[in-house]
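For reference, the chains in residue letters:
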Amino acid sequence: MPGQVVVTGLGIISPIGIGVSEFWKAALEGHSGVSTITGFDPFPMDGYRSKVAGQVQGFSPERYLDSAQAERVDRYAQFALVAAKEALADSGLHMAREDPRRVGVIVGAGMGGMVMGEREITQLYQHQRPHRVHPNFIPVITLNSASGIVAMAHGAKGPNYTVSTACSSSAHALGQAMQCIKEGRADVVITVGADASITPLVFAGFCSLRALSTKYNDQPERASRPFDRLRDGFVMGEGAGALVLESAVHAKKRRARIYAEIAGYAATSEAYHMVIPREDGEEIATTMRLAMADAGLTPANIDYINAHATSTTIGDAVETKALRQVFRTRADKLAINATKSLVGHTLGAAGAIGGIATVLAIHTGQIHPTANYEEPDPACALQGLSSSVQERKVKAALLNAFGFGSNNAAVVIKRYAA
Amino acid sequence: MSDPAVTGKIIKALADYLRRNPESIEPDQHLRDDLGLDSMAVIELLYKIEEAFDIQIPDEDLVRLSTVGAVCQYVTHRLAPAKRPAPRSRAAKTRKKK
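Nothing here was measured: the structure is a model prediction, and the numbers come from that model. (Residues numbered from 1 in each chain as written. Chains lettered and ligands numbered in written order. Predicted model: local features only at pLDDT ≥ 70, side-chain atom pairs only at ≥ 80, totals over all residues.)

**Q** What is the right way to read the packing of helix H11 (residues 282–294) of chain A against helix H12 (residues 313–327) of chain A from this model?
**A** The description of two helices packed together rests on the angle between their axes and the distance between the axes. All names here are of chain A. Interhelical geometry of H11 versus H12 gives an angle of 50° and a closest axis separation of 8 Å. By the angle between their axes, H11 is oblique relative to H12. With respect to the hand of their crossing, H11 and H12 are arranged in right-handed fashion. Within the contact between the two elements, H11 uses Glu282, Ile284, Ala285, Met288 and Arg289 and H12 uses Val318, Glu319, Ala322, Gln325 and Val326. Considering only residue class, the contact of H11 with H12 consists of six nonpolar, one polar and three charged. (Axes fitted to C-alpha atoms, helices over the stretch in contact; angles between N-to-C directions. Helix = DSSP H or I, 4+ residues; strand = E, 2+ residues; numbered from the N terminus. Parallel < 35°, antiparallel > 145°, perpendicular 65-115°, else oblique. Left-handed = near helix turned anticlockwise from the far one by under 90°. Contact = placed C-beta atoms within 7 Å. Nonpolar A, V, L, I, M, F, W, Y, C, P; charged D, E, K, R; others polar.)

**Q** For this particular structure, what's the right way to read the nonpolar core?
**A** Taken as a class, soluble globular proteins show a tendency for nonpolar side chains to be buried jointly. Core analysis: the largest hydrophobic core is formed by 142 residues, its most contacted members being A:Ala80, A:Val150, A:Ile190 and A:Val192. In terms of residue count, the dominant contributor to this core is helix H4 (residues 75–91) of chain A (ten residues). Among residues more than four places away in sequence, those in contact with A:Val150 are A:Ala80, A:Leu81, A:Ala84, A:Val105, A:Val107, A:Ile190 and A:Val192. Counting 14 residues, the second-largest nonpolar core is a separate cluster that includes B:Val6, B:Leu35, B:Leu45 and B:Val68. (Core = buried A, V, L, I, M, F, W, Y, C linked by C-beta atoms within 7 Å. Buried ≥ 20, exposed ≤ 12 C-beta atoms within 10 Å, placed from the backbone.)

**Q** It is not clear to me how unusual backbone geometry should be interpreted in this structure. Could you clarify?
**A** In most cases, non-glycine residues show a negative phi, while peptide bonds are predominantly trans. All names here are of chain A. Despite not being glycine, arginine 210 shows a phi value in the positive range, around 60°. Locating arginine 210 in the fold gives a position in the loop between helix H9 (200–208) and strand E8 (239–247). A positive phi angle, near 45°, is found at alanine 271, a position not held by glycine. As for its placement among the helices and strands, alanine 271 is situated in the loop between strand E9 (260–269) and H11.

**Q** What exactly am I supposed to notice about helix H3 (residues 68–79) of chain B here?
**A** For an α-helix the count is 3.6 residues per turn, leaving residues at separations of three or four pointing the same way. All names here are of chain B. The end-to-end C-alpha distance of H3 is 17 Å, a good match for the 16 Å that twelve residues give at a rise of 1.5 Å each. Where H3 is concerned, the buried positions are Val68, Val71, Cys72, Tyr74, Val75, Thr76 and Arg78. Where the residues of H3 are buried, they touch helix H1 (4–18) and helix H2 (39–53). (Expected span 1.5 Å × (residues − 1).)

**Q** I'm lost on the interface of chain A and chain B in this one. Help?
**A** Interface extent is often summarised as the accessible area lost during association of the parts. Tallying the contact residues gives twelve residues for chain A and twelve residues for chain B. Of the residues that constitute the side of chain A that touches chain B, the class distribution is four nonpolar, four polar and four charged.

**Q** Looking at this structure, I do not really get the environment of A:Val133. What am I missing?
**A** Residues and elements named next belong to chain A. By secondary structure assignment, the location of valine 133 is in the loop between helix H5 (114–127) and helix H6 (137–141). Classification of valine 133 as partly exposed rests on a count of 13 C-beta atoms within 10 Å. Along the backbone, valine 133 and alanine 335 are 202 residues apart, and their C-alpha atoms lie at a distance of 51 Å. Excluding residues within four positions of it along the chain, valine 133 makes contact with Glu120 and Leu124.

Written out as structure tokens, the structure is:
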């Protein structure tokens, strides 16, 4: 079929592993990457209601990047660079053989360069010495610093921009990348989601929103528990996911391995509330229906849902309602999982990391467990949830992502067939 | 029982937040059903109350704070150290679950 867009390369930095093989092994084991926050040291944690997060451990940028590159960008963009590098290597794409203007970079990021952002703002307000603000402050906090640096690292001169829609940023980035290729504006789009803002101010902000889990500060690995009856809020995470998307024609011409096809996408607004979803779930249901229609599929074609499922009381119940509206009795026949149970909510990276889990489910026939799914909640009792690996031949899947600002995204990912 | 001074201060904060006459606010009014506060608005209101009374309200106490009167009583108790019903301890809750 003409106009197909496929995934040919994957890369990831996550709280359960750096690199796709480490991530996927831990994911299949249902391993939780949530731990006690250590990164604020010497900043004390006493005043924080929540004290846990999905932190990327053992990431030394100099191991992956040359020092000039690493020093000029914030942690989230370092993650983006490393994930994109892995995805490109995995895809086997050689930039030297490509027309650079036909290779784009689209990044989804929710918060951006908050590590340096917070540091510079604090120093300016404390010492009132404007001339001591770092010359790199503006380039680093500008929200497209990651899409810029990834393009520079690989000489990709095609469309280059950042999508910022909070928690759904990189699901929209995947959809935009698919459309960009379908419209013929690029052959390849390096699509990345990245965020790394487990910082004293941002974390305090999420605490004040009362959005985070606070019951499991003593048992961090149990804190992120989407759909479980004892969930009490989301757990902040950090990381990056990168997917090389390209036209099927281009991929076949260079005999690339094809993981899956990105087949449909929908973007909507609930036009309702900055942080609360509509409780009837109708807007989410509409978004899923539009994405399936965009892919030319119906609910009967879908086997698996990679849910947005952040582990908040309301959010998971609303998503369940929406799934029941769309799939009716089929809702209990779908395999469903929540990648955030493993890595926490990686904000702008969540769509890409969930996207990688979806692509790998299609590619390997294994659906990773939903960690801590122990006790079903009547408000979200879906039969296809499991705390164990599910073996299933997935033909088509939906990736859900919803963001602050009342926005929703759904992406259809399916098994590739020429 | 709530301290009248505390009640007055809370009703004033609510009235300011809702831009309405303090006299139209009654203790038995439900924050969501009667006063129209959504969950985010309740959080914003509690944020103001935390500042006004210099207290911290843990997440697990939120469920109790559904009416104006409940908020006034809760704050009164929190300000009276001898009678203070300590916010339910996390350790105790965790033990209960095992």
